[in-house]
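Summary of the model geometry
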Amino acid sequence: MKKRNWLVSILSVVMIFSLMVGCSSGNGGNKTAAPSNNGGEQQGEETPQESDLYQLGKEPLEISIFGNYDWYNMPKWGADPMTKWVQDNKKITVIETPNGGNAAQKLNTMIASGEMPDIVWGERGADVERLREAGLLVPLDDYLEKYPNLKKWLDPVALNMLRSPDGKLYQFPNWYTNRPNGNAGWVVNKKIYEELGSPKLETTDDLYSYLKMVKEKYPNVIPLETDLAAEGHGLSQIYSAFKENNLSAERYYAVPVGDKMESIYTDEAFRESVVYTAKLFREGLITQDAMTQTRDQVQEKLTSGRVAVYASGNPTVFAMEADVALRKKDPNDGYFMIWPIHKEGLDKNKIFPGTYNKLGWNAAVITTSAKDPEAVFAFLDWWTGPEGMVLQYYDVEGEFWQGWQEDGITPIFTEKYVTERDKLAEHQKATDPFQWVGNTVYLDDMKGKYEETLNEEDRNWATYWQYKITWKTQGDYTEFVNMHPMPETEEGIAFQRVKDIWLKVRAQTLYAKTDEEAIAMLDKAQEDSMKAGFQIVLDYYTMKWEENKAMINR
């Protein structure tokens, strides 16, 4: 999956926590001390002796981190109030090892030199195993037993599936969960929709008709914004509309058929979705720069109201900000989400525009270059716990929250949570690059209870639609994780060839002049992929899929 697809998730949306008292100022609750450095455990649980644990704040701790993504750029630690508070109160300073815009090359250089940062943060899978096989990673099993938060919040199934072939745990997951989450889906411009008579917008036929109406009535508006199509956003959501229980998406260029994985190019639903998308593109019903635009360009179009329908793997981040901007000018303007579009005749409750898995998005690993790997783990465990999560999402105590409820893990919110939502959203957007070990279950539980105490008009846009639509329409993808082959293996080399073919044909088909030309492109891609060794990759997928199912059913 991707992040993002950046920082998908729940991944970059506003998270709210539980409020058990009705005092808007936040001063009427039962305050307790903040969770301990290693806290979050409930009373009565057995915990290691404090003398056995690394105590954050006892001494300065400097941690270096490398974001293994070309796009990743960490803001300076200590330059904002939240990280400055951590620096001053916990004596922790995090320093980025820059990737220079070419993460793969930088990682290779560091591996060759043996000069690694303390943490490498990025996708699970091939790079993690490459580092492990090179003897550059620290096992986390002993620390997992000593420190409370990851062990408490991580689902046992996810823990098993995170283990490497040697049986040890090396990966500290990000946005791990044990329940549906995610934001993929369809967003609609409220003002345009109502001005066009609020027509039925449920099926692919409805969507086509609606987009044609938009183009005719609003020549300066983009009928369908597909976000970063080069990363699959928008195109994947269209594909999901043509097939029930469509969980495989396009990660592996393959789909499950019976008990085997087979080529996506032979999947009838995929072929139909490609033809449909190419038709929309030919008729100018989809943004014409889908393969080349930037995130900033997408945001600008949404914020200016020049988008009628928006489909993406993570639309809530941009749509939420755009909704606020439009409603400031006109209270009747803004965006709303609809139930996922589906092909006529399919069960709308079996259409999944996005997926989730219990392992979450990506992971952090601690390298053998860390002078004190236990101290690094102690930080990550605290960062994924209640106090760390509250700081990342609600800034330092005193503005959006004040004190803790009796459970010791639920903050007491002040009225500024509602009255200064824009400022809070800015904080959360700014701290997104620091969210390396997000705790989905903790945040979702808290925000669900809190949202119930608010009037509908005071509820966060993203949270409202998560509860109403997106979390109900994401498919569980856990059985399909960790299936990519290692790069230097026969399967890995073949996979790269197949990937190159995929990236090329994915863009080419958008420009197909006829339905027949689009199909011919897919047939050619299938032929070229099989010649490139795709069958051994498919066989590898099938084997890994079976292993995953066995682990889940343990």
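As a convention, each chain's residues are numbered from 1 in the sequence order in which they are written. Only residues with pLDDT of at least 70 are given local features in this predicted model, and only at 80 or more are side-chain atom pairs given and counted; all residues enter the totals for whole chains, interfaces and linings. For the side-chain quantities, the full set of heavy atoms in the structure was used; hydrogens and water were omitted.

1. So, the pattern of salt bridges
Oppositely charged side chains may form a pair once their charged atoms are brought near each other. Criterion for a salt bridge: a side-chain nitrogen of Lys or Arg within 4 Å of a carboxyl oxygen of Asp or Glu. Tallied over the entire structure, the rule returns 28 salt bridges. Here Glu374 and Lys146 are joined by a salt bridge, their closest N and O atoms 2.7 Å apart. Of the two residues, Glu374 is situated in helix H13 (residues 373-383) and Lys146 in helix H4 (residues 141-146); the sequence distance between them amounts to 228 residues. The partly exposed category is assigned to Lys146, whose relative accessible area is 23%. Across the pair Lys301 and Asp289 runs a salt bridge whose closest N-O atoms are separated by 3.6 Å. Here Asp289 lies in the loop between helix H10 (268-282) and helix H11 (295-303) and Lys301 lies in helix H11, a separation of 12 residues in the sequence. Comment: elements are numbered from the N terminus, with helices defined as DSSP H or I runs of at least four residues and strands as E runs of at least two. A simple rule labels every residue: compare its accessible area, found with a 1.4 Å probe on the protein chains alone, to the largest value its type can have, and call it buried under 20%, exposed over 50%, or partly exposed in between.

2. Details of the sheet that holds strand S12 (residues 363-366)
Judged by pairing direction, the sheet is mixed, and its 5 strands sit side by side in the order S2-S1-S3-S12-S4 without closing on themselves. Looking at which strands have only one partner, the edges of the open sheet turn out to be strand S2 (92-96) and strand S4 (171-173). Neighbouring strand axes in the sheet, compared pairwise and without regard to direction, differ in orientation by 30° on average. Alignment of strand S3 (residues 119-122) against S12, held across 4 bridges, turns out to be antiparallel. Across the sheet, the residue bridging to Gly122 is Ala363, located in S12. Sheet contacts for H13: strand S1 (61-67), S2, S3, S4 and S12; angle to S12, the most-contacted strand, approximately 160°. DSSP calls a pair of strands paired once it identifies at least 2 bridges connecting them. Angles here are taken between N-to-C directions and fall from 0 to 180 degrees, while the axes themselves are lines fitted to C-alpha atoms, restricted in helices to the stretch in contact. Contacts are assigned to residue pairs with any non-hydrogen atoms lying within 4.5 Å of each other.

3. Details of the environment of Thr440
Here Thr440 lies in helix H17 (residues 440-451). Thr440 gets classed as buried once you look at its relative accessible area, which sits at 0%.

4. Quick look at helix H3 (residues 126-133)
In an α-helix, one full turn covers 3.6 residues, which means residues spaced three or four apart are oriented alike. Taken as a whole, H3 has its buried residues at Ala126, Val128, Glu129, Leu131 and Arg132. Just downstream of H3, Gly135 is the residue with a positive phi angle, here 75°.

5. Topic: the nonpolar core
Nonpolar cores were defined as sets of buried Ala, Val, Leu, Ile, Met, Phe, Trp, Tyr and Cys residues, with membership established by side-chain atoms within 4.5 Å. Counting 153 residues, the largest nonpolar core has Phe379, Trp383, Trp436 and Tyr541 as the members making the most contacts within it. Discounting chain neighbours no more than four positions away, the residues touching Trp383 are Trp77, Met82, Val86, Gly388, Met389, Gln392, Phe434, Trp436 and Val437. In terms of nonpolar packing, the next biggest core, distinct from the first, is built from 12 residues, Leu107, Met110, Met116 and Val120 among them.

6. Here's the deal with the packing of H11 against helix H12 (residues 316-329)
Interhelical geometry of H11 versus H12 gives an angle of 35° and a closest axis separation of 8 Å. Taken as a pair, H11 and H12 cross one another with a handedness that is right-handed. Each of Arg295, Val298, Gln299, Leu302 and Thr303 in H11 lies in contact with H12, whose residues at this interface are Phe318, Glu321, Ala322, Ala325 and Leu326. Each residue gets one of three labels, nonpolar for Ala, Val, Leu, Ile, Met, Phe, Trp, Tyr, Cys and Pro, charged for Asp, Glu, Lys and Arg, and polar for the others, Gly among them. Class assignment for the residues of the contact of H11 with H12 results in 6 nonpolar, 2 polar and 2 charged. Helix crossings are classified by the rotation of the near helix relative to the far one: an anticlockwise turn of less than a right angle makes the crossing left-handed, while a clockwise turn makes it right-handed.

7. Structural notes on the pairing of strand S8 (residues 260-263)
Along any regular strand the residues' side chains alternate between the sheet's two faces. Pairing between strand S7 (residues 254-257) and S8: 4 bridges, direction antiparallel. Of the residues in S8, the one forming a bridge with Val257 is Lys260. Hairpin remark: S7 followed by S8, antiparallel, with 2 residues in the connecting loop; positive phi at Gly258, about 65°.

8. Let's talk about the side chain of Thr226
Positionally, Thr226 belongs in the loop between strand S6 (222-225) and helix H9 (235-240). Here Thr226 falls in the buried class, since its relative accessible area comes to 1%. Each residue touching Thr226, except ones within four places of it in the same chain, is listed here: His233, Gly234, Ile286, Thr287, Ala290 and Ala311.

9. Remarks on helix H1 (residues 81-89)
Buried within H1 we find Met82, Thr83 and Val86. Summarising the axial view, the buried residues of H1 lie within an arc of 95°, below the 170-degree limit, and thus occupy one face. Elements that come into contact with the buried residues of H1 comprise S2, H13, helix H14 (386-394) and helix H16 (421-431). The residue sitting at the N-terminus of H1 and contributing the capping side-chain oxygen is Asp80; that oxygen lies 3.0 Å from the backbone nitrogen of Met82. Count one or two residues on from H1 and you reach Lys91, which has phi positive near 60°. Relevant arc is that of directions from the helix axis to the C-beta atoms, nothing else. Side-chain atoms alone can form a polar contact between residues adjacent in sequence; in general such a contact is a pair of N or O atoms within 3.5 Å, and within protein one must be able to donate a hydrogen while the other accepts it.

10. Considerations on the confidence of the model for the protein chain
Confidence in the prediction of the protein chain, expressed as mean pLDDT, is 89, and 90% of residues score 70 or more. Per residue, pLDDT measures the predictor's confidence, with a range of 0 to 100. Across residues 1-32, confidence stays below pLDDT 50; counting only partners more than four residues off in sequence or on other chains, it has 144 contacts. Taken as a whole, residues 37-46 scores under 50 in pLDDT and shows 24 contacts with residues more than four places along the chain or in a different chain.

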